[in-house]
Number of protein chains: 2
Amino acid sequence: VAVFSPDTLARVEAIVGAAYVRTDSDALLAYGTDGTKRRAPADLVVLPGTVEEVAAIARLCNESRVPLVPRGAGTGYSGGAVPTRGGILLSLERLNRILEIDERDLVAVVEPCVTTGDLQEAVEHRGLFYPPDPASLAQSSIGGNIAENAGGPRGFKYGTTGRYVLGLEAVLPTGDIIHTGGRTVKNVVGYDLTSLTVGSEGTLAVVTKAILRLLPKPAHTALVRADFSDVSQAARAVDALLSARVVPSTLELVDGPSLAAVARHLGEPPPAAGAVLLIELDGQPDAVEEEAARVTDACRAVGAAAFQLARTAAERQALWRLRRELSPALREIAPVKLNNDIVVPRGRIPELFAFLARLAREHDVLVPSFGHAGDGNIHVNIMVEDTPDARARAKQAEQHLFEEVVRLGGVLSGEHGIGFVKAPYLRLQLSDDEIALMKRIKAAFDPNGILNPGKIFP
Amino acid sequence: VAVFSPDTLARVEAIVGAAYVRTDSDALLAYGTDGTKRRAPADLVVLPGTVEEVAAIARLCNESRVPLVPRGAGTGYSGGAVPTRGGILLSLERLNRILEIDERDLVAVVEPCVTTGDLQEAVEHRGLFYPPDPASLAQSSIGGNIAENAGGPRGFKYGTTGRYVLGLEAVLPTGDIIHTGGRTVKNVVGYDLTSLTVGSEGTLAVVTKAILRLLPKPAHTALVRADFSDVSQAARAVDALLSARVVPSTLELVDGPSLAAVARHLGEPPPAAGAVLLIELDGQPDAVEEEAARVTDACRAVGAAAFQLARTAAERQALWRLRRELSPALREIAPVKLNNDIVVPRGRIPELFAFLARLAREHDVLVPSFGHAGDGNIHVNIMVEDTPDARARAKQAEQHLFEEVVRLGGVLSGEHGIGFVKAPYLRLQLSDDEIALMKRIKAAFDPNGILNPGKIFP
């Protein structure tokens, strides 16, 4: 490919400096994977330091028809940052500064590789609040959160990343630098390029700066843990809480197999509960206490057996530990995990969990599941031994899961995106006309198809 | 034009039925205007009754290269529904049903010409809540609200229309029927066509159905009216309230000239106040009372002279009357009104009002202003006598306003859109590269440029 001629390599080095171009196989491998553990080597890893450098690299790739794959912290679960077709892996890790936190405009301006958790800490220090809280927030970058429209438990009350993105600076695959939106919370001037770029999985533009909306930090937070005899009872409680018109900040469900995995992982006895809800409430202290009482009543009415209420930060951390230990705990129960983040309409949660029990039986797979039940967004982990036969059963179960989710009026992904991992299933969700329209939009941004090729579309 | 041959007219009549095609000049004129009072006659008014009929009309227009202009309730303030290039005016008035209110999924499914106020009433009857509240809500349609991404006072806490649109059924200019999004609150499958369509001013697709997100209705609402000696004091209070980290549902400002106009209109003595804030709070009763006290303290600290507190619906209606009477009151002070809904970053509100005072003096125009101060979104009305000289001064003042707004980091429109009225100013806000990208997106939807031509782009 043209880019690897000594001449083109020299051009890349002239743009970013030789110190920021990596060609060694260690780097090519290390940057060639993400949270999926799927791996493909880039031909070149480039670490730009400014938006102008990003634009110059994009122009070079566009002229030479070389794939350009942007990468944040590499924590994605759909393979969005994996350079499946080689080319230049553009790591944005040097663009990692919080440029501004403006308490009057209630905005933060950040570069894409600011870590989500670092931003939260910085704004909370000033009494402000950046709600999106993906489980990976200690590692994941704002740019990656924007690329995938990342969610998290607080999405139930506060919405996902997109709601907080007011404006972007971004580089088009042609090398044009554009600014979308701005510092205002309202803006109807032209098409909403900000929302279109959010969730586009790095296929339309490379985000080099983001203007983020901040909220006042809630005065008080409390967490209720409610234990249920089985997951169908917990699912009915979710439905009851929605009907009771309470708006917790989180409404998380952990099913029985997941609870058992965490208990084993922590060396604890098998759990008494068959499912747990973690319900966080925030706001003014009196209102939080009143809502906690309504939550407890609603859960008790459908049969919740035990409650714990955490008010201090330390108490809440202790209860959230269950949720945090899920990922490492699941790793111990089977080596192969197909990690899906499907969504169903909120009222279909009980049906979904009834189906998941059948799915596990019919395909002889483990299906520990947990997640953002208030949003209908459940992480369904299809787990098996690492044998060809077991892997085949897991893929069949996954196909069956997606078909059922679509039948329930749901969608394949709520926060992880499609990447290349779920691209083969896109037609289950979208019509040919819809996919064709999306491809025309892609071409409007990227006429030569160089930016993150092979993602989203089957 | 081809469409008006007897053959083409016959084809239109065959699609929707002769009873739903209007060719009389009364209809052509009546459907040729909107809230701007600018007027251009359509060549044909068509009233489809189904999505299939909309698709067939779109195909016919696309084949014949005839402009197709969708229209909801015709209350827009940027001329978006005015058929400036003739063609077919597609009134969606027959698609006016609330199809579904689902209390478990917390969604409503509506046709585009459901009136915003009717939807609100229907869902509130069931303890649910559809927050977007444009001033025109008694007349304006959900489809029009979606086309313009309409806001309203409650946008401060709840965001604008786009936040509540989960999914759409829409007809492309080529006649394809697409479905975007769905019934789930999270969805990252492919590009976000829902958000792209919202605010696209009927230039990308004709919305024929919308799936809307509902919230629980707040348990309690209170309204504080605070009177200030002048608008700069009120603007400082907005800043103080944002800094005090309260989140009212509305934070509306009415300036002195606007107050005076309403007093005259109602036959009342001149107002003592030089500016007023209307601050609505909602939530659990105790929290609302506590926040009302904080609001009052913050306003008093910057010098507010008088307060009124309304708790019952009747009391609140009485205080909101000031806001509702603004439009008719302003009509009486001068015949020409250039109605602008500019936005500045929230912290720039005091600077904006200082500038508006200079603007009125320098250009010898009246500039009564009011609006959604918490969002930095102010309705700036430039008003003059109806003489050529005065109109020229008003246009100069408008140009000066837009330049200053952009200088302050703001935008030309927060809720009315660009339409054809503000299209000449688009380049103040967007770069050539950004406009070129938007035009490529337009072409991805509408290769022949038949849908609502002459809007948004200069």
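You'll find the structure just up there.
Residues numbered from 1 in each chain as written. Chains lettered and ligands numbered in written order. Predicted model: local features only at pLDDT ≥ 70, side-chain atom pairs only at ≥ 80, totals over all residues. Heavy atoms only, no water.

A.B. asks: Residues and numbers for the overall build of chain A, please.
C.D. replies: Helix and strand counts for chain A come out as 16 helices and 18 strands. In summary, chain A has a C-alpha radius of gyration of 23 Å against a globular reference of 23 Å for 458 residues, a match within 12%. Expressed as lengths along the three principal axes of its C-alpha atoms, the size of chain A is roughly 70 × 60 × 45 Å. By sequence separation, contacts in chain A at least 24 residues apart represent 72% of the contacts at least 6 residues apart. Of the roughly 15,900 Å² of accessible surface on chain A, 50% is carried by carbon and sulfur atoms. A distance of 1 Å separates the average location of the 48 positive side-chain charges in chain A from that of its 56 negative side-chain charges. (Helix = DSSP H or I, 4+ residues; strand = E, 2+ residues; numbered from the N terminus. Rg over C-alpha atoms; globule rule 2.2 N^0.38 Å. Contact = heavy atoms within 4.5 Å. Areas by Shrake-Rupley, 256 points an atom, 1.4 Å probe, with all protein chains shown as cover. Lys, Arg positive; Asp, Glu negative; His and termini not counted. Charge placed at Lys NZ, Arg CZ, Asp CG, Glu CD.)

A.B. asks: Please set out the interface of chain B and chain A residue by residue, giving values where relevant.
C.D. replies: One frequent convention defines the size of an interface as the accessible area lost when the parts assemble. In this complex, chain B contributes 83 residues to the contact, which on the side of chain A involves 83 residues. Taken together, chain B and chain A are joined by 6 salt bridges. One salt bridge in this structure joins B:Lys186 and A:Glu415, with 2.7 Å as the shortest N-O distance. Where chain B meets chain A, there are 24 residue pairs in polar contact (both at pLDDT 80 or more). (Salt bridge = Lys/Arg side-chain N within 4 Å of Asp/Glu carboxyl O. Polar contact = N/O pair within 3.5 Å; in protein donor to acceptor, adjacent residues only side chain to side chain.)

A.B. asks: Residues and numbers for the side chain of B:Asn452, please.
C.D. replies: All names here are of chain B. Structurally, the position occupied by Asn 452 is in the segment after helix 16 (432-445). Polar side-chain contacts of Asn 452 include one of 2.9 Å to the backbone oxygen of Gly 80. Residue contacts for Asn 452: discarding those within four places in its chain leaves Leu 68, Val 69, Pro 70, Gly 80, Glu 201, Gly 202 and Thr 203.

A.B. asks: A description of the sheet that holds strand 12 (residues 220-228) of chain B should follow, citing residues and the corresponding values.
C.D. replies: Residues and elements named next belong to chain B. Within the open sheet, the 7 strands sit side by side as 15-12-14-13-17-18-16. Their pairing is antiparallel. Each edge of the sheet is formed by a strand with only one pairing partner; in this case those strands are strand 15 (306-310) and strand 16 (336-343). Pairwise comparison of adjacent strand axes, ignoring direction, gives a mean angle of 15° for this sheet. Across 6 bridges, the pairing between strand 13 (residues 250-255) and strand 14 (residues 275-283) is antiparallel. Within strand 14, the residue paired with Val 254 across the bridge is Val 276. This element, helix 9 (residues 256-265), spans strand 13, strand 14 and strand 17 (369-372) of the sheet and lies at about 80° to strand 13. Contacts between helix 13 (residues 349-363) and the sheet are confined to strand 13, strand 16, strand 17 and strand 18 (377-384), with strand 18 contributing the most and set at about 0° to the helix. (Pairing = 2+ DSSP bridges. Axes fitted to C-alpha atoms, helices over the stretch in contact; angles between N-to-C directions.)

A.B. asks: Outline the relation of the copies chain B and chain A, supporting the account with residue identities and numerical values.
C.D. replies: The two chain copies are related to each other by a rotation about an axis together with a translation along it. Superposing chain B onto chain A requires a rotation of 180° together with a translation of 0.0 Å along the rotation axis, leaving an RMSD of 0.0 Å. Expressed as a symmetry operation, the mapping of one chain copy onto the other fits a two-fold axis. When the interface residues of chain B are mapped onto chain A, 100% of them again lie at the interface, so the same face is used by both copies. (Least-squares fit on C-alpha atoms with pLDDT ≥ 70 in both.)

A.B. asks: Which residues make up the sheet that holds strand 6 (residues 107-110) of chain B, and what values do they have?
C.D. replies: All names here are of chain B. Read across the open sheet, the 5 strands follow the order 5-6-10-8-9; overall the sheet is antiparallel. Two strands in the sheet have a free side with no partner beyond their single neighbour: strand 5 (98-102) and strand 9 (177-181). With direction set aside, neighbouring strand axes in the sheet form an average angle of 10°.

A.B. asks: Now, about the packing of aromatic side chains: what can you tell me, with residues and values included?
C.D. replies: Residues and elements named next belong to chain A. For the structure on display, the rule yields 8 aromatic pairs over all chains. With a centroid separation of 6.1 Å and 75° between ring planes, the pair formed by Tyr 130 and Tyr 164 is classed as edge-to-face. Within this pair, whereas Tyr 130 is found in the loop between strand 7 (128-129) and helix 5 (142-148), its partner Tyr 164 is found in the loop between helix 6 (155-158) and strand 8 (165-171), the two being separated by 34 residues in sequence. Each of the two residues, Tyr 130 as well as Tyr 164, counts as buried. Over the aromatic face of Tyr 20 sits the side chain of Arg 94, whose NZ or CZ is 3.3 Å from the ring centroid. (Phe/Tyr/Trp six-rings, centres within 6.5 Å; stacked < 30°, edge-to-face > 60°. Buried < 20%, exposed > 50% of the residue type's maximum accessible area, 1.4 Å probe, protein only. Lys NZ or Arg CZ within 6 Å of the ring centre and 35° of its normal.)

A.B. asks: A description of the pattern of salt bridges should follow, citing residues and the corresponding values.
C.D. replies: Think of it this way: side chains of opposite charge can pair up when their charged atoms draw near. One pass over the structure, following the stated rule, counts 59 salt bridges over all chains. Here A:Arg346 makes a salt bridge to A:Asp375, at a shortest N to O gap of 3.7 Å. Taken as a pair, A:Arg346 in the loop between strand 16 (336-343) and helix 13 (349-363) and A:Asp375 in the loop between strand 17 (369-372) and strand 18 (377-384) lie far apart in primary sequence, 29 residues in all. For the pair formed by A:Arg346 and A:Asp375, the shared burial category is buried. A salt bridge links B:Arg183 to B:Asp105, with the shortest nitrogen-to-oxygen separation between them at 3.2 Å. Of this pair, B:Arg183 sits in the loop between strand 9 and helix 7 (193-197) while B:Asp105 sits in the loop between strand 5 and strand 6, placing them 78 residues apart in sequence. Comparing B:Arg183 with B:Asp105, the two get one shared label, buried.

A.B. asks: Describe unusual backbone geometry, and please don't skip the residues or the numbers.
C.D. replies: Even without being a glycine, B:Arg65 presents a positive backbone phi close to 55°. With respect to the secondary-structure elements, B:Arg65 resides in the loop between helix 3 (51-64) and strand 3 (68-71).

A.B. asks: Could you give an account of the packing of helix 8 (residues 231-243) of chain A against helix 13 of chain A, with specific residues and numbers?
C.D. replies: All names here are of chain A. Here helix 8 crosses helix 13 at 165°, and the two axes come no closer than 8 Å. Relative to helix 13, the element helix 8 is oriented roughly antiparallel. The two elements helix 8 and helix 13 meet at a crossing, and its hand is right-handed. Contacts between helix 8 and helix 13 involve Val 231, Ala 235 and Arg 236 from the former and Ile 349, Pro 350 and Phe 353 from the latter. By residue class, the composition of the contact of helix 8 with helix 13 is 5 nonpolar, no polar and 1 charged. (Parallel < 35°, antiparallel > 145°, perpendicular 65-115°, else oblique. Left-handed = near helix turned anticlockwise from the far one by under 90°. Nonpolar A, V, L, I, M, F, W, Y, C, P; charged D, E, K, R; others polar.)

A.B. asks: Can you tell me about the environment of B:Leu68, naming the residues and giving the values?
C.D. replies: Residues and elements named next belong to chain B. Looking at where Leu 68 falls in the secondary structure, it is placed in strand 3. Separated by 39 residues in sequence, Leu 68 and Leu 29 place their C-alpha atoms 16 Å apart. Discounting chain neighbours no more than four positions away, the residues touching Leu 68 are Ile 57, Ala 58, Cys 61, Ile 88, Leu 90, Ile 450, Leu 451 and Asn 452.

A.B. asks: Which residues make up a negative patch on the surface, and what are the values?
C.D. replies: There is a patch of like negative charges on the surface, built from A:Asp286, A:Glu290, B:Asp286 and B:Glu290. Elements that contribute at least two residues to the negative patch include exactly helix 10 (285-301) of chain A together with helix 10 (285-301) of chain B. Position of B:Glu290 among the secondary structure elements: in helix 10. The exposure class assigned to B:Glu290 is partly exposed, which follows from its relative accessible area of 33%. (Patch = residues over 30% accessible without salt bridge, like charges linked within 9 Å, V, L, I, M, F, W, Y side chains within 5 Å.)

A.B. asks: Go over the environment of A:Leu106, please, and point to the residues and values.
C.D. replies: When you line up the elements, A:Leu106 lands in the loop between strand 5 (98-102) and strand 6 (107-110). Each C-alpha atom of the pair A:Leu106 and A:Pro216 lies 8.4 Å from the other, and the pair is 110 residues apart in sequence. Once residues within four sequence positions are removed from consideration, A:Leu106 is found in contact with A:Leu128, A:Leu212, A:Arg213, A:Leu214, B:Leu242, B:Arg245 and B:Arg346.

A.B. asks: Break down the side chain of A:Arg154 for me, citing the residues and quoting the values.
C.D. replies: For A:Arg154, the position within the fold is in the loop between helix 5 and helix 6. Among all residues touching A:Arg154, those that are not within four sequence positions of it are A:Gln120, A:Phe129, A:Tyr130, A:Pro131, A:Asp133, A:Gly159, A:Ser249 and A:Thr250.

A.B. asks: Break down the pairing of strand 16 of chain A for me, citing the residues and quoting the values.
C.D. replies: Residue and element names in this part refer to chain A. Counting buried positions along strand 16 yields 7 of 8 residues, so the element is predominantly enclosed. Sheet topology places strand 16 next to strand 18; 8 bridges connect them, and they run antiparallel. If you follow Val 336 over to strand 18, its bridge partner there is Val 384.

A.B. asks: Now, about the pairing of strand 13 of chain B: what can you tell me, with residues and values included?
C.D. replies: In the case of a regular strand, side chains alternate between the two sheet surfaces. Residue and element names in this part refer to chain B. Most of strand 13 is tucked away: 6 of the 6 residues are buried. Taken together, the 2 bridges between strand 13 and strand 17 define a ladder with antiparallel strand orientation. Across the sheet, the residue bridging to Leu 253 is Gly 371, located in strand 17.

A.B. asks: I'd love a proper account of helix 8 of chain A, names of residues and values included.
C.D. replies: All names here are of chain A. If you check helix 8, its first and last C-alpha atoms are 18 Å apart, about what 13 residues at 1.5 Å a residue would give, namely 18 Å. Listed as buried for helix 8 are Val 231, Gln 233, Ala 234, Ala 235, Ala 237, Val 238, Asp 239, Leu 241 and Leu 242. If you follow the buried residues of helix 8, they end up packed against helix 6, strand 12 (220-228), strand 13 (250-255), strand 14 (275-283), helix 10 and helix 13. Arg 245 sits one or two residues past helix 8 and shows a positive phi near 65°. (Expected span 1.5 Å × (residues − 1).)

A.B. asks: Got a sec to walk through helix 16 (residues 432-445) of chain A? Specific residues and values, please.
C.D. replies: Between the first and last C-alpha of helix 16 of chain A there are 20 Å, a value that for 14 residues agrees with the 20 Å anticipated at 1.5 Å per step. Taken together, the buried positions of helix 16 of chain A are A:Glu434, A:Ile435, A:Leu437, A:Met438, A:Ile441, A:Lys442, A:Ala444 and A:Phe445. Packing partners of the buried residues in helix 16 of chain A comprise helix 7 (193-197) and helix 15 (426-429) of chain A together with strand 9, helix 7 and helix 16 of chain B.

Spatial relationships are all this shows, so hold off on functional conclusions.
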